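# A look at the structure
Now for the letters of each chain:
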Amino acid sequence: MEATAQIEDRKLIQQAYRQLLRSIKSPLDATDQKNIRRSYEIAVEAHSKQRRKSGEPYILHPIEVARICAEEIGLGPTAIVAALLHDTVEDTDVTLEDIQEQFGDKITHLVDGLTKLKSDYNPDTAQAENFKKVLSTLVSDVRVVLIKMADRLHNMRTLGSMPKHKQLRIAAETSYIYAPLAHRLGLYNLKTEFQDLCMKVTDREEYRAIADKLQETKESRNQYIDAFIAPLRTKLDQLHAPYRIHGRPKSISSIANKIRKKKVPFEEIYDLFAVRIIVDVAPEQEKPLCWQVYSIVTDVHTPIPERLKDWITTPKSNGYESLHTTVIGPGGQYVEVQIRSERMDEIAERGFAAHWKYKGLTNQQDLYDSWLDGIRELLSEGDKNPKEFINDFKTNLFSEEVFVYTPKGDMKILPKGATALDFAFSIHTDIGQRCTAVKVNNKLVPMGYKLENGDQVSVTTSRNQKPNENWLKMVVTSRAKTKIKASINEEKRKSGQLGKEALERKLRQLKLDFESNVDAIVKHYGFKNRIDLYYAIYQSRVSLLDLKQLEVSNGHLVFESAKPIQQAPRSTKKGKSPKAPISINGEPGDQFKYLFANCCKPVLGDEIFAFVGANGVKIHRTACPNAQHLMSSYGYRTLEADWISENASHFVVELNINGVDDGPGVIERVTSEISTKLGLNIRSFSIKGDEGYFEGKISLIVSNTNQMNQAILALKNLDGISNVTRTE
Ligand code: MN
């Protein structure tokens, strides 16, 4: 038996390896071929004793990661070798020296980066800190992060064999770090798949529901797409340039987002798909040909002019180029059409790697360089806490951009949302700090004015101007923020000196030692540090006379000790049974003083997790709007939670209902349905109407999600009710 199993394993491994080799599109020279073969052999040997959670031989993982690198990200042989070796140094006896000896510097550098990312990576620290590490690796060689993404993608695809709480943690981290990074690096396919896989973990039911509906409607959708495309083909054929045209459904997570945002059911989402036209032409003919295609499309189908987006003339900051328009198709349905060249398509699908390949072909080669410089600059401002760092990163380096001009006509690129004052700081620190007024297109604007594309901005300065705290609210770029803070601190330090001297005098009068009392005073007045206290004294926000009234013991001022905050003992649930209906980390919930979170009000049967907060343990739904934030920022504080009893408790669930108002009839029908027919208790019910339309909230007591779903269904079927949803 043993022997057969081994033969089976070997077959699987060789199959996977052959598939990897087939997926490599880039030409390989003899050294590349030798290196790939050699790294494969080393990895097979090194991982020979390991298995994945699913029971498969471990080596299948690095092989698959290498295949994703080659086929789905478009990376070359160096990255493929590094991907094959990515788990060896951390998990096996292979050392970096071994790799150095066999493969040289480049590959060693990549494997080292991947190993560091893994071993420094601490699931117990906040995600923000981990994110910072990922970014530090990113600036040393982008490929490290690209391989890491392939690694994460494969882990997400095979997440099923992990315990649920680990799935949740990995999903939270993926949507916090990897999905946005994939987006920023232009890897749209990866980003979409990350988001879908995350949703599958956090919101399995909704995911299934949408997937099923997409499947059900597939045939009619394809018919529609055919009808939409047919008249276009006739005309496109006359262009005599090779082209592809097809309709693609949008991703499940993006459809879910639309349903949530627009608050409409699946059936009312019109843009479930987009039509894409890809032409194959030489770079210099791309632009005119794309516009020609645009004109064909809009000849056949009426366009909605304000929906035209031209990312060919001004590509997105992640390199994305395409022409988007929305037209009215058969039956009055809106259809999004995307027009691009094969080159643009490759960049759109593979982002960074493809961008590199075409570097020099177009005029935008420095897009990523300046972006990476931005990250480097941010990383070098060492005094930031990780949270601040992430915030700055998100506003400055993830966002889209706004293009504005100096009075001389030089273009400046700032993050979207940047203000006139940000502009001043982007020109020069001195100009920022002395800024007194800003004119945009020759009109005076407030310093907090949000810049728009094409604005021409001029700044007036004065020698006497100084930044103040208010300025911090008027800027978004980290550059401006850092400079303003530095200047305020300098100012505080200077005037604070006077405050400090006043305090020294006071303590001398009271015959008290300065050093042994000053920190207690800082604490007493609630300041963060001495400088803030000195500055407050200078500004007379703190009166030193108060100190005289205090008692002194052993040369120390005695402040009334703060009363410890009393926490009222709260019982978890007033159910009849004292037994908790849930387990936390596999143990009966009674041992934890937990509460059900008010934000999402879990009901027995919901998917849940436990979160250890400042006020004890709270149970949230995994679909809770706060969940992602909690798990991603404080993954280490989440615990697994499961329902263990079937009917021990009662839960309050709140439903939104709306519909067509026909007077008191609705209220009567609702209450009779709920209390008489279903036998459920209503805790509260409010309804307000407006011109024949009404909205209401109803709180019910249920024992589990089955009862809740029954109630939702029953209410939906009532006359005059159009929609019933659970409150989020
Ligand atoms: Mn791995």
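Residues numbered from 1 in each chain as written. Predicted model: local features only at pLDDT ≥ 70, side-chain atom pairs only at ≥ 80, totals over all residues. Heavy atoms only, no water.

What follows covers the packing of aromatic side chains. The final tally for this structure, using the stated rule, is twelve aromatic pairs. Seen from their ring centres, Tyr-17 and Tyr-40 are 3.7 Å apart, and the 10° between their planes marks the pair as stacked. In this pair, Tyr-17 is assigned in helix α1 (residues 2–23) and Tyr-40 in helix α2 (residues 30–46), connecting sequence segments 23 residues apart. By relative accessible area, which is 6% here, Tyr-17 ends up buried. (Phe/Tyr/Trp six-rings, centres within 6.5 Å; stacked < 30°, edge-to-face > 60°. Helix = DSSP H or I, 4+ residues; strand = E, 2+ residues; numbered from the N terminus. Buried < 20%, exposed > 50% of the residue type's maximum accessible area, 1.4 Å probe, protein only.)

Residues Leu-138, Ile-147, Met-149 and Leu-181 are the most contacted members of the largest nonpolar core, which totals 82 residues. Considering each element in turn, this core owes the most residues, ten residues, to helix α10 (residues 164–184). Phe-266, Phe-273, Ile-296 and Ile-312 belong to the second largest nonpolar core, which has 40 residues in total. (Core = buried A, V, L, I, M, F, W, Y, C linked by side-chain atoms within 4.5 Å.)

Take the coordination of the manganese ion next. Looking at the manganese ion, one finds its protein donor set to be His-61 (NE2), His-86 (NE2), Asp-87 (OD) and Asp-151 (OD), positioned 2.2 to 2.5 Å from the metal centre. All donors of the manganese ion belong to a single chain; written as a sequence motif, their spacing is H-x24-H-D-x63-D. Highlighted residues: His-61 in helix α3 (residues 60–73) and Asp-151 in helix α9 (residues 142–157), separated in sequence by 90 residues. For the residue pair His-61 and Asp-151, the accessibility class agrees, reading buried in each case. (Donors = N, O, S within 2.8 Å, 3.2 Å for Na, K, Ca; no water.)

All right, on to unusual backbone geometry then. A positive phi angle, near 55°, is found at Lys-263, a position not held by glycine. Assignment of secondary structure puts Lys-263 in the loop between α14 (252–262) and β2 (273–279). Judged by relative accessible area, which is 70%, Lys-263 ranks as exposed. Its identity is not glycine, yet Asn-441 carries a phi of approximately 50°, on the positive side. Structurally, the position occupied by Asn-441 is in the loop between β9 (435–440) and β10 (443–445).

On to the packing of helix α20 (residues 420–427) against helix α22 (residues 478–509). It is the contact of α20 with α22, at a shortest axis distance of 9 Å, that shows an interaxial angle of 80°. Taken together, the axes of α20 and α22 lie roughly perpendicular to each other. Together, Asp-422, Phe-425 and Ser-426 of α20 and Arg-479, Ala-480, Lys-483 and Ile-484 of α22 make up the contact between the two elements. (Axes fitted to C-alpha atoms, helices over the stretch in contact; angles between N-to-C directions. Parallel < 35°, antiparallel > 145°, perpendicular 65-115°, else oblique. Contact = heavy atoms within 4.5 Å.)

Now for helix α13 (residues 218–237). The terminal C-alpha atoms of α13 lie 27 Å apart, and with 20 residues this matches the ideal 28 Å at 1.5 Å per residue to within 8%. The sharpest bend along α13 reaches about 30° and sits at Ile-229, with the proline Pro-231 one to four residues further on. Turning to α13, its buried residues number three or more, namely Arg-221, Tyr-224, Ile-225, Phe-228, Ile-229, Leu-232 and Leu-236. Buried residues in α13 make contact with α12 (204–216), β1 (243–249), β2, α15 (283–300), β5 (323–328) and β6 (334–341). (Expected span 1.5 Å × (residues − 1). Bend = angle between axes of the 7 residues up to and from the residue.)

Read across the open sheet, the six strands follow the order β15-β14-β19-β17-β18-β16; overall the sheet is mixed. A strand with exactly one partner marks an edge of an open sheet, and here the two such strands are β15 (587–588) and β16 (594–596). Sheet topology note: the strand β14 (residues 582–584)/strand β19 (residues 638–643) ladder contains three bridges and is antiparallel. Note on β19: the bridge partner recorded for Ile-584 is Ala-641. (Pairing = 2+ DSSP bridges.)

What follows deals with the side chain of Thr-727. Within the secondary structure, Thr-727 is located in the segment after β23 (721–726). The exposure class assigned to Thr-727 is buried, which follows from its relative accessible area of 17%. Contacts of Thr-727, omitting those with residues within four sequence positions, involve Arg-621, Glu-654, Leu-655, Asn-656 and Lys-697.

Moving on to the sheet that holds β10. In spatial order, the strands read β10-β9-β11; together these three strands make up an open sheet with antiparallel pairing. Bordering the open sheet on either side are β10 and β11 (457–461), each of which pairs with just one other strand. In this sheet, neighbouring strand axes are inclined to one another by 35° on average, regardless of whether the strands run parallel or antiparallel.

Here the focus is the pairing of strand β18 (residues 616–621). As paired strands, β16 and β18 are joined by three bridges and run parallel to one another. Considered in β18, the bridge of Phe-596 is made with Ile-619. Note: strand β17 (residues 608–613) against β18, six bridges, orientation antiparallel. Counted as the bridge partner of Val-612 is Val-617 from β18.

Summarising the element assignment, Val-44 is placed in helix α2. Residue classification places Val-44 among the partly exposed residues on the basis of a relative accessible area of 27%. The spatial distance from the C-alpha of Val-44 to the C-alpha of Pro-62 is 9.4 Å, given a sequence separation of 18 residues. Ignoring sequence-local partners within four residues, the contact set of Val-44 consists of Ile-13 and Ile-59.

Our next topic: the pattern of salt bridges. Scanning the entire structure with this criterion turns up 32 salt bridges. Among the ionic pairs, Glu-206 bridges to Arg-260, the shortest N-O distance being 3.3 Å. Of this pair, Glu-206 sits in helix α12 while Arg-260 sits in helix α14, placing them 54 residues apart in sequence. For Glu-206, a relative accessible area of 22% puts it in the partly exposed group. For Arg-260, a relative accessible area of 39% corresponds to the partly exposed category. Two residues, Glu-336 and Lys-250, come together in a salt bridge whose shortest N-O distance is 3.4 Å. Within this pair, whereas Glu-336 is found in strand β6, its partner Lys-250 is found in the loop between β1 and α14, the two being separated by 86 residues in sequence. As far as burial versus exposure is concerned, Glu-336 and Lys-250 are alike and both buried. (Salt bridge = Lys/Arg side-chain N within 4 Å of Asp/Glu carboxyl O.)

Relative to the 24 Å expected for 17 residues at 1.5 Å per residue, α2 spans 24 Å between its end C-alpha atoms, a close match to the ideal helical length. Residues Asp-32, Asn-35, Ile-36, Ser-39, Tyr-40, Ile-42 and Ala-43 constitute the buried set of α2. One side of α2 carries all its buried residues, which in axial view fall inside an arc of 165°. Set apart from the buried face of α2 by more than 90 degrees, the exposed residues are Ala-30, Lys-34 and Glu-45. The N-terminus of α2 is capped by Asp-29, whose side-chain oxygen sits 3.1 Å from the backbone nitrogen of Thr-31. (Arc of directions from axis to C-beta. Polar contact = N/O pair within 3.5 Å; in protein donor to acceptor, adjacent residues only side chain to side chain.)

Between α3 and α9, whose axes approach to 9 Å, the crossing angle comes to 115°. Where α3 crosses over α9, the two elements pack in a sense that is right-handed. Residues His-61, Glu-64, Val-65, Arg-67, Ile-68, Cys-69, Glu-72 and Ile-73 of α3 form the contact with α9, whose own contacting residues are Leu-146, Ile-147, Ala-150, Asp-151, Leu-153, His-154, Asn-155 and Arg-157. A per-class count over the contact of α3 with α9 returns eight nonpolar, three polar and five charged. (Left-handed = near helix turned anticlockwise from the far one by under 90°. Nonpolar A, V, L, I, M, F, W, Y, C, P; charged D, E, K, R; others polar.)

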